[in-house]
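# Structural description and commentary
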Amino acid sequence: KNVRYDITATNRGNSMLTVTVEMHGNVEVATEPYDYTWSANLMPMAFTLNPQEQKAITLDVYVPYKAAGGEKTTLYVAAWAPGPEGQGRVDSNALVFITTANTISSFNVTTDQDDFSAEPGDTVSFDVEVVNEGNGESSASFGVGYAENEWDVEFQSSDGYAIHDVTLDMFESTTVTVVVK
C-alpha cells in the first residue's frame, strides 16, 4: 500500500542554501496511510545544504485500500531556495511522480456448513459465498479436486442454472450452490 520514492537534493553552488521542498498534487498530506484516499508524506521539507552537499528526501505515497486497479495519482515535487538579494530561486525542473495501483486478483470462498451426511442416492446441496477481495473485476472458475466414489458435483447460480465460473467487480460477492449427487 506504500510506494517510496528516494530523491536527492544537491547544492551545486558555492554558498550555503536554506532549501524548501514542496509537493503538489491530488493527495492528502499525511504521515500515516488513509484507507479511502490517496495520501503522501514528504520528508524533510526544509533543510540547509552546504556547498556541494547532498540531502536525501523521501516521498511516501500511500495507495488507498479500495483503489481500483489502474487508478493513479500524480505528484509534483520541487525544491527552492532564496537567491541573491532575497529573490526566490525556483527549480523549474519539478519532479513528476505518477503512482498507479496494481490490479490484484483475490477471492474468498466461505460456507456455513462443513459437515454433511446422506444416504446412498441422496442429493446434498449447500451454499458458498464467493467474494472478490481484489481491486478490479476478476473471474473465478469452479472445479472439484477430489470427488469420492465418482460423485457428480455441480455448481449452480442463484437461479438454479449450472455454472463453471463467475465474474465479479471489486468487493462484489455472490452465492453459489454446490450440488453433490
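Below or above, wherever it landed, is the structure these notes cover. Residue positions are given per chain, counting from 1 as you read along its sequence in written order. A pLDDT threshold of at least 70 governs which residues receive local features in this predicted model, and a stricter bar of 80 or more applies before side-chain atom pairs are shown or counted, although totals over entire chains, interfaces and linings include all residues. To obtain the side-chain values, all non-hydrogen atoms of the structure were included, while hydrogens and water were left out.

Per the secondary structure count, the protein includes 0 helices and 15 strands. Relative to its 181 residues, the protein shows a buried fraction of 31%. When checking whether two residues touch, look at their non-hydrogen atoms; a contact exists if any pair is within 4.5 Å. Considering only contacts within the protein whose residues lie at least 6 apart along the sequence, 67% involve residues at least 24 apart. A 1.4 Å probe and the Shrake-Rupley method give the accessible areas. Residues count as covered only by the protein chains that appear here. If you sum the accessible surface of the protein, you get close to 11800 Å²; carbon and sulfur atoms cover 46% of it. Only DSSP runs of H or I covering at least 4 residues are called helices, and only runs of E covering at least 2 are called strands; the numbering of each starts at the N terminus. Exposure is judged per residue with a 1.4 Å probe applied to protein chains only, and the accessible area is read against the type maximum: over 50% gives exposed, under 20% gives buried, and values in between give partly exposed.

For the rest of this paragraph, the subject is the sheet that holds strand S1 (residues 2-10). The strand order S1-S6-S4-S3 describes an open sheet built from 4 strands, whose pairing is mixed. Bordering the open sheet on either side are S1 and strand S3 (28-29), each of which pairs with just one other strand. In the sheet, S1 pairs with strand S6 (residues 54-62) via 9 bridges, with the strands oriented antiparallel. Directly across from Asp 6, in S6, lies its bridge partner Thr 58. Paired strands are those between which DSSP finds at least two bridges.

Another point: the sheet that holds strand S15 (residues 173-180). Pairing within the open sheet is antiparallel, and its 4 strands lie in the order S10-S11-S15-S13. Pairing within the sheet leaves two strands with one partner each, and these edge strands are strand S10 (107-110) and strand S13 (153-156). Across the sheet, the mean angle from the axis of one strand to that of its neighbour is 25 degrees, orientation sign disregarded. In the sheet, S10 pairs with strand S11 (residues 124-132) via 4 bridges, with the strands oriented antiparallel. For Val 109, the partnering residue across the bridge sits in S11 and is Val 130. Fitting a line to C-alpha atoms yields each axis, with helices limited to the stretch in contact; the angle taken between N-to-C directions then spans 0 to 180 degrees.

Examined bridge by bridge, strand S2 (residues 17-25) and strand S5 (residues 46-49) share 4 bridges and lie antiparallel to one another. In the sheet register, Leu 17 faces S5, and the bridge partner there is Leu 49. Relative to strand S7 (residues 72-82), S2 is paired through 6 bridges, and the arrangement is antiparallel. By the bridge assignment, Gly 25 is partnered in S7 with Leu 75.

What follows covers the environment of Ser 105. The residue Ser 105 is located in the loop between strand S9 (95-100) and S10 in this model. Given a relative accessible area of 54%, Ser 105 falls into the exposed group. Measuring from C-alpha to C-alpha, the distance between Ser 105 and Asn 132 comes to 7.6 Å, with 27 residues separating the pair along the chain. What qualifies as a polar contact is a pair of N or O atoms within 3.5 Å, subject to a donor-acceptor requirement within protein and to the restriction that residues adjacent in sequence count only when both atoms come from side chains. A distance of 3.4 Å separates a polar atom in the side chain of Ser 105 from a polar atom in the side chain of Ser 138.

What follows covers a nonpolar patch on the surface. Think of a patch as exposed residues, more than 30% relative accessible area, with no salt bridge, where like charges cluster within 9 Å and nonpolar side chains (Val, Leu, Ile, Met, Phe, Trp, Tyr) cluster within 5 Å. For this analysis, a salt bridge means a side-chain nitrogen from Lys or Arg found within 4 Å of a carboxyl oxygen belonging to Asp or Glu. Taken together, the side chains of Tyr 76, Val 96 and Ile 98 make up a nonpolar region of the molecular surface, amounting to roughly 290 Å² of accessible area. Of note, Ile 98 is situated in strand S9.

All quantities given are derived from atomic positions and should not be read as evidence of function.
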